[in-house]
Amino acid sequence: MRYSSLTLACAMLFGATQAYAEELSQEATEGYIKYRENVMESASGNMGAAAQIISGKVALPDRLAMHAQALQALMTDLPMLFPAGSDFGETDAKTSVWENADKFALAAETALGKAKAFNDAVAGGDAGAVAASFKELGGACKGCHKEFKAKH
């Protein structure tokens, strides 16, 4: 069977385009991993800052609302941060995130609910409610980390 040079050129171009698309896919996935790490580090930073305010170690009560709002925003749609295929490389995510996606989604939904409750408590201004809701949010974070985050 004879192939024209045009046919061979198209086949080579298709192969090169397909390899480039796979490379972009890998690059995009690595971007999601880095993005996820930054979002989670931001959430951790806001939790730590809020803890300093709530415990009275830092006298910046007017900043607590900013941290509560940021936590609620950062926890919105956490499963989106873990797309299929982003379970490789240097990631702290356990494979259980993808193997038990429904359970992970439920844990993420619980954390978001606790973040909303914390934000509402901060807006309400009752120190007891703020402390209690912050403790519940921390518990939701720890529960999710226990199940879905690797320890290093």
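We now turn to the structure provided with this report. (Residues numbered from 1 in each chain as written. Predicted model: local features only at pLDDT ≥ 70, side-chain atom pairs only at ≥ 80, totals over all residues. Heavy atoms only, no water.)

1. What about the packing of aromatic side chains?
What counts, and what does not: Ring pairs shown here join Phe, Tyr and Trp side chains whose ring centres sit within 6.5 Å, with only the six-membered ring taken for Trp; geometry is labelled stacked below 30 degrees between planes, edge-to-face above 60, and tilted in between. Here a strand is any run of E in DSSP of at least two residues, a helix any run of H or I of at least four, and the numbering for each starts at the N terminus. Relative accessibility under 20% of the residue-type maximum defines a buried residue, over 50% an exposed one, and the middle range a partly exposed one, all with a 1.4 Å probe and only protein chains included.
Summed over the entire model, instances satisfying the criterion amount to four aromatic pairs. Measuring from ring centre to ring centre gives 6.1 Å for Phe 82 and Trp 98, while their planes differ by 65 degrees; the resulting arrangement is edge-to-face. With a gap of 16 residues between them, Phe 82 in the loop between helix H2 (64-74) and helix H3 (96-99) and Trp 98 in helix H3 connect regions that are remote in the sequence. The residues Phe 82 and Trp 98 share a single accessibility class, namely buried. Here the aromatic rings of Phe 104 and Phe 148 are separated by 5.1 Å at their centres, their planes lie at 75 degrees, and the arrangement is edge-to-face. In this pair, Phe 104 is assigned in helix H4 (residues 101-124) and Phe 148 in helix H5 (residues 127-148), connecting sequence segments 44 residues apart. Comparing Phe 104 with Phe 148 shows no difference in burial state: the two are buried. Aromatic ring contacts, followed pair by pair, group Phe 82, Trp 98, Phe 104 and Phe 148 into a single cluster.

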